[in-house]
Amino acid sequence: MTTVDRVRDPERLEALRSTGLLEVHRVPLLDQVTRMAVRLLHVQAALVTLIAEDRQVILSYTGTGGLPPSRDVPLSQSMCRHLLVDDAPMAVDDARRDERWRDIGAVARGELAAYAGTPLHAPCGQPLGALCVIDGRPRAWDREELETLGSLAVMAEAEISSRSAERARQELQEERTFLSALLDSLDVPVSACDTEGRIIRFNQPMREALQGPETPVHSSHWARAYQLFDADGKHLLQEEELPLVRALRERFTGQEVVVRRPGRPARRYLVNGHPLDSPTGRRLGAVNVGHDITARHRLQVLRDTQHAVTRALADAGSVEQAACGVLGAIAGTLGWACGEYWQVDPGAQRVSRTGSWTRPGRDLSAFTGPDAMTVRSGQGLPGRVVDSGRPVWIRDLSTEPDRLVRDGEAIEAGLRTAVGLPVRSGERVLAVLTFFTDTAEERDDDLLDLLGGVCAHIGRFMERRRAEDLALALTASRRRFDRVVAQLDDLVWSAEIEQNGAARWIYQGGSTTGILGGHVPLGVDAAAFIGERVHPDDRQAFDGLLAGVRAGRPVQAEYRLTGLDGVTRWIWTRAAPRREDGRLLADGISTDVTERHRIAAERERLLTAEREQVRRLRELDRMKDELVALVSHEIRAPVAVIRSYAEMLADLPELTDEPRMFADVIDRRSAHLQHLVDDLLDLARLDAGHTAVDPRPISLTRLVRQAVDEHRAAAAAKHLTVEVALEHHLPVRADPVRLRQVLDNLLSNAVKYTPEHGTVTVTAGCDAAPAPDGPRHGAPGHNGRRSRKHGGGEASPQEAETCRSGTVTVTVADTGIGVPAEEYPCLFDRFFRASTARRAGITGTGLGLAVTKAVVEAHGGTIAAAPGEGGGTVFTVRLPTAGPASRDRLGSTPVRSDQA
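Everything quoted here is computed from the prediction, not taken from an experiment.

Q: In this structure, what is going on with the overall build of the protein chain? I would like to understand it.
A: A count of helices and strands for the protein chain gives 26 helices and 32 strands. Looking at the protein chain residue by residue over its 900 residues, the buried ones come to 44%.

In structure tokens form, the structure reads like this:
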């Protein structure tokens, strides 16, 4: 005979599952049954249990004391399973005396003594579980009590039977009522839909979370109707991603959903879902249960952000690197599009962007740009943060224009929300962090508070890093300063000026040996140490130096000092006092200037010797000039007599040809000698400062034409071509005799130094440019005038009106042998003759151009020489039309040539 295992009987287990009671945590009617059993039978506890394949499931428990048992009880600890095996009621007066129950823990602990139970059957007759009562003390069960228990079991079976097919509709209605009350009493959002995807149930927490329509909405519109986003909070859920739609297909746990309702902060939920099936296995719909994890998520985000910021700060090698790392840490953790770091200048008047971060894969180059930006305090988002010192949250840039400097670029790039955070050190704003999102985010004060803590951490890091950088820079600067000072021969020092007047060295750059002749340690009273060794004649200068330092004034002094090595040196000390923490300090440099003093003394000695030599040379030059003037003056009279007698001899009628030729030679040589004597006298007068001109209105055109006509004969003798280009009216105010002397010298030189068949060109005209200031430091003017044997040259009144406000220019150009370029600067020096003239064997004294230059400058004009384009030399004379200002400026009263 085969024994039937009722516990694991497949038909019984199927009937048990079809009731759906294994998934139900509470059945109110069964609770009423257990309460009635406790009240009517006066027992300690009553239970409704189901016997599953591997455990006992307590559906309802009512007890008068103690803790209720756990929902699931192992079958080894269950007395009800015996009811299932025997399928008959059972009563135990004292379980402690029955060997069958000794392994049950409740019996061993004394919690269960008396037990009575009756099986509970499904409508098909299969035993499902039991209704039992227990008592902690032994008792004898009478028949009436067992009948009462049986009646209550019938009530429990009725509740179980209500879940069967024939009463499904009524059960569903009751379940809905029960479920609605149950769901509304929960603290978590719950929603359900039917198999067609129509929402049929929201509990109160879900309605508060979604605030969407409760009327049936098709699943394809749920995401937009209820603003359901995926975990990143950026993208609306697709229909197949919706929790209820997923729950129709499968059971799942832990799907993150973000609800973003306009005007409210976003909320984050962790959703579990599963399908709803009837006891017969028919799909009824699906249910979702959400758990609000916004606070937990925010705390985790804060922790992640803090950890990312800490890592970024730890890995950063500089403040700039730390700024970029912090931007990526905050924006990357929060899922924001980009961030920018703005440095505030010390005066808090300007804010400059020094770093930025953009989410990988997001192109925001049109908004961020490659170049650095600077805004004023109060301008744009960073300027507003600096100005207010508080965070700024702009919800939607598209609806709040002119809030950014780059709002147009931001909107075009798809950015919506902008957040600005101050990074502080105390009350001072060190920097500003700005962040931008792709979606419109409601202001979240809790998030701002959390980020404020992060910014405080960043501010402390920046201050600490800045202090470290300054310390490193100071150390490096000190090393560089010491290296530089070590290369100096000077002594660089710092001293503290004490109240008693002592000046103790606290720093010495370099060795004191070169200045003080030996080593002097720090802490020595420099004022007393040096004061004992200062030369007595320089004591006053040293005391003035100390007094100025003690008074807080920058001072310097030079004094002689006898060093530790016995050597006396000249020391130049410069000192600049300063106040620091209530102390008077002085920084100074002491330099050994002994060599400078030695060189200065030697220079004075050489200068005195040079002055004496110059005086002697001038005396010799004066004596030479006097000798030349004396000799020239004494020679002039005899030469005049010789010329006169030569003329008389030439006029004798009885003189033969040969003596007449001798008389002509004497006359020519005497004329040449007289010309040389005249030039020497002119130069002597120039050097003595007795040369003057007698200016008057004259016609330069007429004077030039006369000079050219007189030199045509000499030019024709050498077959030279003379070209003349003169303006009709060139009035000047000049001495006609002296000016004719200039023209004669230039024309005679042009004819003399031009080979045969050459060309001499003479031009004269007005110069439009103002007359340049000619050199006025040349040889003094001539103190006399030649006889006006050349006559005319005076200008008519009409001619005197022409070129009055300008300058006239006369050029004499030739195609002669020319002058080497390097010799032009010496061309107007006395006794100078060009090397080309010497090589050509052309005689001359070298005085004509020196006299010419002196005469031109006496008229307030200039003369210059330059190479001609086709060879030869071009002389250019420029004369002011107004002439010299006064005779007093040029010299004394003119002396005529016949009075010289």
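Q: Mind showing me how you'd approach the packing of helix α22 (residues 736-752) against helix α25 (residues 848-858) here?
A: What describes two packed helices is the angle between their axes and the distance between those same axes. Where α22 contacts α25, the two axes come as close as 9 Å, and the packing angle between them is 145 degrees. Crossing of α22 over α25 shows left-handed handedness. Residues Arg738, Gln741, Val742, Asn745, Leu746 and Asn749 of α22 form the contact with α25, whose own contacting residues are Gly848, Leu849, Val851, Thr852, Val855 and Val856. Its residues assigned to classes, the contact of α22 with α25 shows 6 nonpolar, 5 polar and 1 charged.

Q: How should I be thinking about the packing of helix α21 (residues 700-717) against α22 in this particular structure?
A: Taken N-terminus to C-terminus, the directions of α21 and α22 make an angle of 35 degrees; their axes are 10 Å apart at the nearest point. By crossing handedness, the relation of α21 to α22 is classed as right-handed. Mapping the contact onto sequence places Leu700, Leu703, Val704, Gln706, Ala707, Val708, Glu710, His711, Ala714 and Ala715 in α21 and Pro736, Leu739, Arg740, Leu743, Asp744, Leu747, Ser748 and Val751 in α22. A per-class count over the contact of α21 with α22 returns 12 nonpolar, 3 polar and 3 charged.

Q: I keep staring at the sheet that holds strand β1 (residues 45-51) and nothing clicks. Help me out?
A: As a general point, the strands of a sheet are linked pairwise by backbone hydrogen bonds and lie either parallel or antiparallel. The strand order β3-β2-β1-β6-β5-β4 describes an open sheet built from 6 strands, whose pairing is antiparallel. The open sheet terminates on both sides in strands that have one partner only, identified here as β3 (72-74) and β4 (90-92). Shown here is a sheet whose adjacent strand axes are inclined to one another by a mean of 25 degrees, direction ignored. In this structure, β4 lies alongside strand β5 (residues 114-121), joined through 3 bridges in antiparallel fashion. Residue pairing in the sheet places methionine 90 in a bridge with glycine 117 of β5. In the packing of helix α2 (residues 28-41) onto the sheet, the strands contacted are β1, β2 (55-63) and β6 (127-135), and the crossing angle to β2 comes to about 60 degrees. Set on the sheet, helix α5 (residues 143-161) makes contact with β4, β5 and β6; between it and β5 the angle comes to about 35 degrees.

Q: What exactly am I supposed to notice about the pattern of salt bridges here?
A: When charged atoms on two side chains of opposite charge get close, those side chains can pair. For the coordinates displayed, the defined rule picks out 41 salt bridges. A salt bridge links arginine 504 to glutamate 498, with the shortest nitrogen-to-oxygen separation between them at 2.9 Å. Residue aspartate 538 pairs with arginine 560 through a salt bridge whose shortest N-O separation is 2.8 Å. With aspartate 538 in the loop between α17 (526-531) and α18 (539-550) and arginine 560 in strand β21 (residues 555-562), this residue pair connects regions lying 22 residues apart in the sequence. You can call arginine 560 partly exposed: its relative accessible area is 22%.

Q: Can you walk me through helix α1 (residues 10-19) in this structure?
A: Since the α-helix turns once every 3.6 residues, residues separated by three or four places project in the same direction. Every buried residue of α1 is accounted for by Arg12, Leu13, Ala15, Leu16 and Thr19. One side of α1 holds all its buried residues, which, seen down the axis, span an arc of 160 degrees. Seen from the open side of α1, the exposed residues pointing more than 90 degrees away from its buried face are Pro10 and Glu11. Immediately beyond the C-terminal end of α1, within one or two residues, lies glycine 20, with a positive phi of roughly 70 degrees.

Q: Quick question: what am I supposed to make of the sheet that holds strand β15 (residues 374-376) here?
A: Judged by pairing direction, the sheet is antiparallel, and its 6 strands sit side by side in the order β15-β14-β13-β18-β17-β16 without closing on themselves. Edge positions in the open sheet fall to β15 and β16 (392-394), since each of these has one partner strand only. Going across the sheet, the axis of each strand differs from the next one's by a mean of 25 degrees, ignoring polarity. In terms of strand pairing, strand β13 (residues 338-344) meets strand β18 (residues 428-437) through 6 bridges, oriented antiparallel. Pairing of glutamate 340 across the sheet is with threonine 434, part of β18.

Q: Just checking my understanding: could you explain the pairing of β2 for this structure?
A: A regular strand carries its side chains on alternate faces of the sheet. Here β1 runs beside β2; their pairing, made up of 7 bridges, is antiparallel. Paired with alanine 46 across the bridge in β2 is threonine 62. Connecting β1 to the next strand, β2, in antiparallel fashion are 3 residues. The sheet contact formed by β2 and β3 spans 3 bridges and is antiparallel. Bridge pairing in β3 places arginine 55 opposite proline 74.

Q: Looking at this model, I keep getting lost on a nonpolar patch on the surface. Mind explaining?
A: The grouping of Val641, Tyr645 and Met648 at the surface amounts to a nonpolar patch, some 330 Å² of accessible area in total. With respect to the secondary-structure elements, methionine 648 resides in helix α19 (residues 594-651).

Q: What's the story with unusual backbone geometry in this structure? I'm lost.
A: Phi angles above zero are rare outside glycine, and histidine 42 is one such case at about 55 degrees. When you line up the elements, histidine 42 lands in the loop between α2 and β1. For histidine 42, a relative accessible area of 59% translates into the label exposed. The backbone of glutamine 227 shows a phi angle near 55 degrees, a positive value even though the residue is not glycine.

Q: Explanation requested: the confidence of the model for the protein chain in the structure shown.
A: When pLDDT is low, close inspection of the predicted coordinates is not appropriate. Of the residues in the protein chain, 84% have a pLDDT of 70 or more, and the chain-wide mean is 80. Residue range residues 769-801 is modelled with pLDDT below 50. Its contacts to residues more than four positions away, or to other chains, number 98 contacts.

Q: In this structure, what is going on with the packing of aromatic side chains? I would like to understand it.
A: When we look at a pair of aromatic rings, we describe it by the centre distance and by the angle of the planes. A full pass over the atoms with the stated rule returns 4 aromatic pairs. For the pair tryptophan 336 and phenylalanine 435, a centre-to-centre distance of 5.4 Å together with 55 degrees between the ring planes defines the contact as tilted. Here tryptophan 336, found in the loop between α11 (319-334) and β13, pairs with phenylalanine 435, found in strand β18; they are 99 residues apart in sequence, far enough to count as distant. An identical accessibility class is assigned to tryptophan 336 and phenylalanine 435; each is buried. Centroid distance phenylalanine 542 to tyrosine 559: 5.3 Å. Interplanar angle 75 degrees. Geometry classified as edge-to-face.

Q: Would you take a moment to explain the pairing of β21 for this structure?
A: Burial of β21 is one-sided: the residues Val555, Ala557, Tyr559 and Leu561 facing one way are buried, the residues Gln556, Glu558, Arg560 and Thr562 facing the other way are not. As judged from the 8 bridges shared by β21 and strand β22 (residues 568-580), these two strands associate in the antiparallel manner. Within the sheet, the bridge partner assigned to arginine 560 lies in β22 and is tryptophan 570. If you look at the hairpin formed by β21 and β22, you'll find 5 residues sitting between the two strands, and glycine 566 has a positive phi there, around 85 degrees.

Q: Please explain helix α13 (residues 380-388) as it appears in this structure.
A: Every buried residue belonging to α13 is among Gly380, Leu381, Pro382, Gly383, Val385 and Val386, and all of these are buried. Residues of α13 that are buried in the fold lie against β13, β14 (350-358), β15, β16, β17 (417-425) and β18. Glycine 389 sits one or two residues past α13 and shows a positive phi near 75 degrees.

Cut-offs and rules
- Residues numbered from 1 in each chain as written.
- Predicted model: local features only at pLDDT ≥ 70, side-chain atom pairs only at ≥ 80, totals over all residues.
- Heavy atoms only, no water.
- Helix = DSSP H or I, 4+ residues; strand = E, 2+ residues; numbered from the N terminus.
- Buried < 20%, exposed > 50% of the residue type's maximum accessible area, 1.4 Å probe, protein only.
- Axes fitted to C-alpha atoms, helices over the stretch in contact; angles between N-to-C directions.
- Left-handed = near helix turned anticlockwise from the far one by under 90°.
- Contact = heavy atoms within 4.5 Å.
- Nonpolar A, V, L, I, M, F, W, Y, C, P; charged D, E, K, R; others polar.
- Pairing = 2+ DSSP bridges.
- Salt bridge = Lys/Arg side-chain N within 4 Å of Asp/Glu carboxyl O.
- Arc of directions from axis to C-beta.
- Patch = residues over 30% accessible without salt bridge, like charges linked within 9 Å, V, L, I, M, F, W, Y side chains within 5 Å.
- Areas by Shrake-Rupley, 256 points an atom, 1.4 Å probe, with all protein chains shown as cover.
- pLDDT = per-residue confidence, 0-100.
- Phe/Tyr/Trp six-rings, centres within 6.5 Å; stacked < 30°, edge-to-face > 60°.

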